[in-house]
Structures are given as C-alpha cells and as structure tokens.
Amino acid sequence: MTHPEIHAMPERPAEPSRREVLAGSASLLAAVSGLPLFATGAWAQGTQVGGTGGPPRPHILYIMADDLGSADVGFRGSDIKTPNLDALAAGGAALGHFYTQPMCTPTRAALMTGRYPLRYGLQTAVIPSGGDYGLATDEFLLPQALKEVGYRTALVGKWHLGHADRKYWPCQRGFDRFYGPLLGEIDHFKHQAHGVTDWYRDNEMVVEDGYDTELLGAEAVRLIAEQDPKTPLFLYLAFTAPHTPFQAPQTYIDMYASIDDPQRRTYAAMITAMDDQIGKVVKALEARGLRENTLIVFHSDNGGTRNKKFVGEGDVSGDLPASNVPLRDGKGTLYEGGTRVVALANWPGRITPGTSPGVMHVVDMLPTLAGLAGAGLGHSKRLDGIDMWPTLAAGQAGRDEVVYNVEPSQGAVREGDWKLVWKVDLPPKVELFDLSTDPTETSDIAEAHPDKVAALTARVLNLARAMAEPLQPATAHRLTLSAPPTTPR
Ligand SMILES: [Ca+2]
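Residues numbered from 1 in each chain as written. Predicted model: local features only at pLDDT ≥ 70, side-chain atom pairs only at ≥ 80, totals over all residues.

Turning next to the overall build of the protein chain. If you tally the helices and strands in the protein chain, you get 12 helices and 16 strands. By sequence separation, contacts in the protein chain at least 24 residues apart represent 69% of the contacts at least 6 residues apart. (Helix = DSSP H or I, 4+ residues; strand = E, 2+ residues; numbered from the N terminus. Contact = placed C-beta atoms within 7 Å.)

Right under this line is the structure:
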C-alpha cells in the first residue's frame, strides 16, 4: 500500500474577505492533515448562470468512477498514472469537499433525483443481484429534466438503480440510449454477474467480447462522433472501474511491474485503463468541435473500499488495494474516506483552474446541471440539492449541511465544520468531530461538546422520522429465507 503525498495547489492572488476566510480555514486544515491546500481566488469573473450574460447551455459529460480511492489519482499524488484526469483537474476545478453517499446505488440515486436516498428507501446498502426493487418511478430524474429542454440523453455504463422490472431500466427513466450493465458488479471481461449476462444495448441484452472499460469508452466516442453539435448532449459515462473483481488487460497490468502486490497492480491497471478511455472521449469532443462548450464532471461514487464487508458480491483475498489516505476508513462507512471523494469539474473559459474549497454533495448536481441547461424542475419532489454553480465556477462558499446518510442503524450529519456520527445498533456510539481541525476524524470530542451533540442528534432524528423505510433489509431477509439449504453435498 502506498501512502501518496497530496500535492498542494499553487497559491494565487488574494481575493475578497469571504475567500480569505475560506483560505484561512483551508490553510489550517492543510497544516493539520496534509490535505490539499485549498487555493482560492482568481476565479473567472462573469460566469453567472442563467439570465443574460450567463453561459450558453453546455453539453454535459458526467463521468463516474466506481469505488475509486480518493488518493488513487495522479493529481492527488498517487503513483497510479491518470494523465488525462490530471489534465482535466489542472485545467478545471478540483473539488476539495465533494461528498457522495457511501455506496453505489444511493449515490447514483442521489445524482438522478437531487434528493437524499433516505427520501425513497434507497439509503441502505445497494440493490443486490437478487433484489426486485428499484428507484421509485414517481421520482423525476435528471435525464428526464434535460430531455424536456431538448438534450439528447445517454447512459453509457453502470446503472444499479433497478433491474428486475423493465420499468426501472434507463430507457424508461429518461435516457434515449443505454449501453452497459444494470447491476452493481460484473466480470469485466465476461460482463456477467453470478454467471448471468448483464450487458445491454438500450432494452436488449447483448453478448459482446471485450474489456468493459474499453467498450464503454468506445461507445461514448461513437455517440460523440455522431452528435449534432446544435443539439445539447447529456452523456452519463459511468465506468465499472476500479470496482471488484480486480481484472485488467495484461498490457495495463504490465505497466505496473513496480507494484509488488498483484492486487494493487491490477487495481492500478484498471484506473489507468479508465483514464485512457477518458482521454479518448475528450479527444472525440475536440474532434467534433464540442470541447469548448462541454462541462465535464468527474467523481467516484464512493470512497475506496477499506473493509472487505463492503467489497461487493464476490470474494476478495489479500490486502484491499484502494487508498483514501489521509481520510478515515472507506466505502460503506459514514467517515470521510467513504464519502468525500475525488472530484473535478472542467469547462474551458467557464471554470477557472484551481481547487474549490466549497462543500458540495452529489444531490446538488441535478439543480446545478438543470440550471445550466435551463431545465425546469417543476416535476421534481422537494429537492435536497442546491444549485452549486457559483461554487463550481467562482469558488464561492458551498453548502453548510451535509447529510451523510440516515438509516435505522446509523446516521451522520455535518453542519459547518461539526460532524456527528451516530451508530444506533447495540452497543450504540455517538462521535463528534471538528473537521476544521481534525479532517481525518481521529479525535472524538463528543463528551466535551454536549450542546453540539444534542443539536446534531436532533437533526438526525428529525430526518429519521421523515425517512422512507429502507427497501434493502426486507429484500435481503426474504432472499435469505428463500435460499436453498447449505448442507454438504
Ligand atoms: Ca461504488
């Protein structure tokens, strides 16, 4: 396991007082933890959204990685090669405090709806292969909103928001095109889960040869090549990398002969293979003359896996290869390593290079993108997301509150720099952290701050009272009880 240094962004000229406040807290944070120094200021002027003088509505390339460790890209100092992501980060905004849900299904649901998964029962775990539920069909989704204002919409990659009934599938949820898997975890060469093919083109299952990451990249390139430049494109490119099983073409594995651990070697190869495809997709935008008016967003759906309980449906032996250093823990947990993910946004001339210190959550992306697209959200239920364009484009302050998750067994919220993690299962535990001085969550200060604990537990309880019952536990219970006996054969 490597422990990469996280490189500071270059300092830039001082800016007005609010930014100085942000810079001050960021400097302290960097001093304490070695986290990136959040340079501020020198953002583009006049990058206002909406109204006259706002940007034209962009093509949107929304790229998601799957279980990528937050330290496992070049621009975070990793030895894993990601030159294309590094270039996008250098030319755009690296997002220093971008949060997701701790696992696949909930994050993807939050992106699609602009609402926390606790609102519609997807807050617990993921939709398992044997699950028959999906993202509620009365939720209004991002591709629906964009399609209403003329966008061509495509999902190339992993869906994981319902597979057992066609009503949950992407082409019934606002996507004109779908290519990829419906489930959460597939063999990357066979495109199968539990021996069943999980690879689709629109509403038809297809059997194809090839490494999934390369097939997805090639499909994205094809869609861009045939795009009418006058029609705005929303391309959601959801890679299955570097999720388990750890598999990659030998040529990529051979690039990492210097990494001793074979599992980390393959994990690194998966990331570089993904990065290569991202480079090809960016080149395709350039070749089509679309690059200057394309907003590219990239992030992982959750942190890297640090606990085998959250690896997925297959078995993994040996040390887990992902790194979220210096953040605590990883996928499946409410700590920063599970939820504060590597992220960037890039739009030439609209987003000025730098690192945005603002706190954002993936629920914010629906109102942000809808705002840029001029899409109405009148069909949406009450949003949890906030339009974060000023934070993306101009480095302005982000949201004050983050709801990491609330479910019957646990909950966590952040308000300002205070974070409460509440585990309800016996024996229960309440932890309080001050992220301004302790971003790695090493020092539980709950006993010293009973007022903060009271306020934040009250907030979690309020959310718990309003939440929908999680769909996964009842399904898991039923699947367990209906399984055949496990006596020796
Ligand atoms: Ca994931």
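As a further point, take the sheet that holds strand β4 (residues 177-180). Consider a sheet: its strands pair through backbone hydrogen bonds, and that pairing is either parallel or antiparallel. Spatial strand order, β8-β7-β4-β3-β9-β1-β10-β11-β2-β12: 10 strands in an open sheet with mixed pairing. Of all strands in the sheet, those bounded by a partner on one side alone are β8 (204-205) and β12 (354-361). Sheet topology note: the strand β1 (residues 59-65)/strand β10 (residues 294-300) ladder contains seven bridges and is parallel. Note that in β10 the partner of Leu 61 across the bridge is Ile 296. Contacts between helix α5 (residues 212-225) and the sheet are confined to β3 (152-157), β4 and β9 (233-238), with β3 contributing the most and set at about 165° to the helix. (Pairing = 2+ DSSP bridges. Axes fitted to C-alpha atoms, helices over the stretch in contact; angles between N-to-C directions.)

A word on the sheet that holds strand β14 (residues 410-415). Ordered by their spatial adjacency, four strands build an open sheet running β13-β14-β15-β16, and the pairing between neighbours is antiparallel. The open sheet is flanked by β13 (401-407) and β16 (429-434), the only strands paired with a single partner. For this sheet, the mean angle separating the axes of adjacent strands, direction not counted, is 10°. Here six bridges tie β13 to β14, and the two strands are oriented antiparallel to one another. Along β14, the bridge assignment pairs Val 406 with Gly 411.

Here helix α3 (residues 104-113) lies mainly inside the structure; 10 of its 10 residues are buried. For α3, the full list of buried residues reads Cys 104, Thr 105, Pro 106, Thr 107, Arg 108, Ala 109, Ala 110, Leu 111, Met 112 and Thr 113. Here the buried face of α3 lies against α4 (142-148) and α9 (365-373). Phi turns positive, to about 75°, at Gly 114, one or two residues after α3. (Buried ≥ 20, exposed ≤ 12 C-beta atoms within 10 Å, placed from the backbone.)

Inspection of the secondary structure assignment puts Gln 247 in the loop between β9 and α6 (250-254). Taking the C-beta count within 10 Å as the criterion, Gln 247 has 19 such neighbours and is therefore assigned partly exposed. A C-alpha to C-alpha distance of 6.2 Å links Gln 247 and Thr 266, two positions 19 residues apart in sequence. For Gln 247, the contacting residues outside a window of four places in its chain are His 188, Phe 189 and Thr 266.

This paragraph deals with the packing of helix α2 (residues 83-90) against helix α7 (residues 262-287). Packing of α2 against α7 brings their axes to within 7 Å, and their N-to-C directions diverge by 55°. Relative to α7, α2 is oriented oblique. Here Pro 83, Asn 84 and Leu 85 of α2 lie close against α7, whose contacting residues are Asp 275, Ile 278, Gly 279 and Val 282. Here the contact of α2 with α7 is built from residues that sort into four nonpolar, two polar and one charged. (Parallel < 35°, antiparallel > 145°, perpendicular 65-115°, else oblique. Nonpolar A, V, L, I, M, F, W, Y, C, P; charged D, E, K, R; others polar.)

Further remarks concern the pairing of β16. Along a regular strand, successive side chains alternate from one face of the sheet to the other. Both strand β15 (residues 418-423) and β16 contribute to a ladder of six bridges, which runs antiparallel. Opposite Lys 423, over in β16, you have Lys 429 as the bridge partner. In textbook terms, the turn of a hairpin is the stretch between consecutive antiparallel strands, and for β15 and β16 this stretch comprises five residues.

Let's shift gears to the pairing of β1. In terms of residue burial, β1 counts as a mostly covered element, since seven of its seven residues are buried. Neither face of β1 is left uncovered, since the one carrying His 59, Leu 61, Ile 63 and Ala 65 and the one carrying Ile 60, Tyr 62 and Met 64 both have all their residues buried. Both β1 and β9 contribute to a ladder of five bridges, which runs parallel. Counted as the bridge partner of Tyr 62 is Tyr 236 from β9.

Right, let's talk about the environment of Leu 369 for a bit. Within the element layout of this structure, Leu 369 appears in helix α9. Classification of Leu 369 as buried rests on a count of 27 C-beta atoms within 10 Å. Considered as a pair, Leu 369 and Met 388 are 19 residues apart in the sequence and their alpha carbons are 9.0 Å apart.

Turning next to the environment of Thr 339. Position of Thr 339 among the secondary structure elements: in helix α8 (residues 336-339). Each C-alpha atom of the pair Thr 339 and Gly 303 lies 5.8 Å from the other, and the pair is 36 residues apart in sequence. Setting aside residues up to four positions removed in sequence, Thr 339 forms contacts with Tyr 99, Thr 100, Pro 102, Asn 302, Gly 303, Leu 334 and Tyr 404.

What follows concerns the packing of α5 against α7. At a minimum axis distance of 9 Å, the contact between α5 and α7 shows a crossing angle of 5°. As judged from the angle between their axes, α5 and α7 are roughly parallel. Of the residues in α7, those in contact with Thr 213, Glu 214, Leu 216, Gly 217, Ala 220, Val 221, Ile 224 and Ala 225 of α5 are Ala 273, Met 274, Gln 277, Lys 280, Val 281, Ala 284 and Leu 285. Of the residues contributing to the contact of α5 with α7, the split by class is 10 nonpolar, three polar and two charged.

On to unusual backbone geometry, then. Look at the link from Ala 241 to Pro 242: it is a cis peptide, with omega at -5°. Geometrically, the link from Leu 426 to Pro 427 is a cis peptide bond, its omega value of -10° lying close to zero. Relative to the helices and strands, Pro 427 is located in the loop between β15 and β16. Positive phi outside glycine occurs at His 194, with the angle close to 55°.

Low-pLDDT portions of the prediction should not be read for the details of their coordinates. Averaged over all residues, the pLDDT of the protein chain equals 89, while 89% of them reach at least 70. Between residues 1-52, whose pLDDT stays under 50, and residues either more than four places distant or in other chains, the model counts 104 contacts. (pLDDT = per-residue confidence, 0-100.)

Turning next to the nonpolar core. Counting residues in each nonpolar core, the largest one holds 125 residues, and the members touching the most others are Leu 235, Leu 237 and Val 281. Counting residues per element, this core draws most heavily on α7, which supplies 12 residues. A domain split of this core shows at least three residues from each of domain 1 (29-37 + 56-400) and domain 2 (404-474). The next biggest cluster of nonpolar side chains, apart from the first, holds five residues, and it includes Met 103, Cys 104, Ala 125 and Val 126. (Core = buried A, V, L, I, M, F, W, Y, C linked by C-beta atoms within 7 Å. Domains from an automatic or database assignment.)

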